[in-house]
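Each chain is listed here by its residues.
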Amino acid sequence: MNKRTIVRPDESQAAQTLWFDRKKYVTVNIIVHRPKDVQVEIQDDYMILCCKNEDDDVIYNEIHFYDKVLRFDSRERVYDRSINFLIRKITPDVAWPRLQKDPAKPSWIQVDFDNWRDWEHEEDDGMAEYEDYMDVSQVL
């Protein structure tokens, strides 16, 4: 197991975390207003975020992933109101039923239903649209 470079501070709290699943990636958005002193560690089976918000509250989120990820092909981006992560799955085309390995869900992790899609049938939907297009083009 890898040695952690970020240690959990004594006085810290978790930030609200929204996530959604795609074929090759899992997207994780951690809501922190005006984040500063951002530290991120992404490993094959977990990620850690430690930062401060606009009120200097210490934020610490540690997530042990449902499945292994490609840490070198995963990235984060800091925005004014959130920190967004694009986590590359090691096994694409496999749906994650939850973000964490542990089936007990912490209250601060939620599914981002605004961005959620049932991508498992995405190719079938695309093929149906293509067939509809071909039917229309033959009529013309």
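The structure this text deals with has already been given above.
Summary of the structure given here. (Residues numbered from 1 in each chain as written. Predicted model: local features only at pLDDT ≥ 70, side-chain atom pairs only at ≥ 80, totals over all residues. Heavy atoms only, no water.)

**Details of the sheet that holds strand E1 (residues 17–21)**
- Spatial strand order, E6-E7-E2-E1-E8: five strands in an open sheet with mixed pairing. Sheet topology places strand E6 (69–78) and strand E8 (109–111) at the edges, where each strand pairs with a single neighbour. Within the sheet, the average angular offset between the axes of one strand and its neighbour, ignoring direction, is 20 degrees.
- As defined by bridge partners, E6 adjoins strand E7 (residues 82–89) across six bridges and the pair is classed as antiparallel. Paired with Arg75 across the bridge in E7 is Leu86. (Pairing = 2+ DSSP bridges. Helix = DSSP H or I, 4+ residues; strand = E, 2+ residues; numbered from the N terminus. Axes fitted to C-alpha atoms, helices over the stretch in contact; angles between N-to-C directions.)

**Some details on the nonpolar core**
- In this structure, Val28, Ile30, Met47, Phe65, Phe85, Ile87 and Leu99 are the most contacted members of the largest nonpolar core, which totals 21 residues.
- If you list the elements that add at least two residues to this core, you get strand E2 (25–31), strand E4 (46–52), strand E5 (58–64) and E7.
- Excluding residues within four positions of it along the chain, Phe85 makes contact with Val26, Thr27, Val28, Asn29, Ile30, Val40, Ile42, Met47, Leu49, Arg75 and Glu76.
- Counting five residues, the second-largest nonpolar core is a separate cluster that includes Ile6, Tyr46, Ile48 and Tyr60. (Core = buried A, V, L, I, M, F, W, Y, C linked by side-chain atoms within 4.5 Å. Buried < 20%, exposed > 50% of the residue type's maximum accessible area, 1.4 Å probe, protein only. Contact = heavy atoms within 4.5 Å.)

**Looking at the environment of Asp55**
- For Asp55, the location among the structural elements is in the loop between E4 and E5.
- On the accessibility criterion, Asp55 (57% relative accessible area) is exposed.
- Counting along the chain gives 20 residues from Asp55 to Pro35, while the straight-line C-alpha distance between them is 9.6 Å.

**Details of unusual backbone geometry**
- Its identity as a non-glycine residue notwithstanding, Arg34 has a phi of 50 degrees, on the positive side.
- With respect to the helices and strands, Arg34 occurs in the loop between E2 and strand E3 (36–42).
- Residue Arg34 is classed as partly exposed on the basis of its relative accessible area of 49%.
- With a phi angle near 65 degrees, Asp56 is a residue other than glycine that sits in the positive phi range.
- In this fold, Asp56 is placed in the loop between E4 and E5.

**Remarks on the state of the cysteines**
- Scanning the model with the defined rule gives zero disulfides in all.
- With no disulfide of its own, Cys50 has Cys51 as its nearest cysteine by sulfur position, at a separation of 6.8 Å.
- By relative accessible area, which is 7% here, Cys50 ends up buried.
- Using a relative accessible area of 2% as the deciding quantity, one classes Cys51 as buried. (Disulfide = S-S within 2.5 Å.)

**Thoughts on the packing of aromatic side chains**
- Under the criterion given, the structure shown has three aromatic pairs.
- Look at Trp19 and Trp116: their rings are 5.5 Å apart centre to centre, the planes differ by 85 degrees, and that puts the pair in the edge-to-face class. Remark: Trp116 occurs in the loop between E8 and helix H1 (122–139) and Trp19 occurs in strand E1; sequence separation between them is 97 residues.
- Trp19 sits in the buried class, given a relative accessible area of 3%.
- Residue class for Trp116 comes out partly exposed when judged on its relative accessible area of 32%.
- Ring centres of Phe65 and Trp96 lie 6.2 Å apart, and the angle between their planes is 50 degrees; on these two criteria the pair is classed as tilted. Separated by 31 residues along the polypeptide, Phe65 in the loop between E5 and E6 and Trp96 in the loop between E7 and E8 bring together distant segments of the chain. For the residue pair Phe65 and Trp96, the accessibility class agrees, reading buried in each case. (Phe/Tyr/Trp six-rings, centres within 6.5 Å; stacked < 30°, edge-to-face > 60°.)

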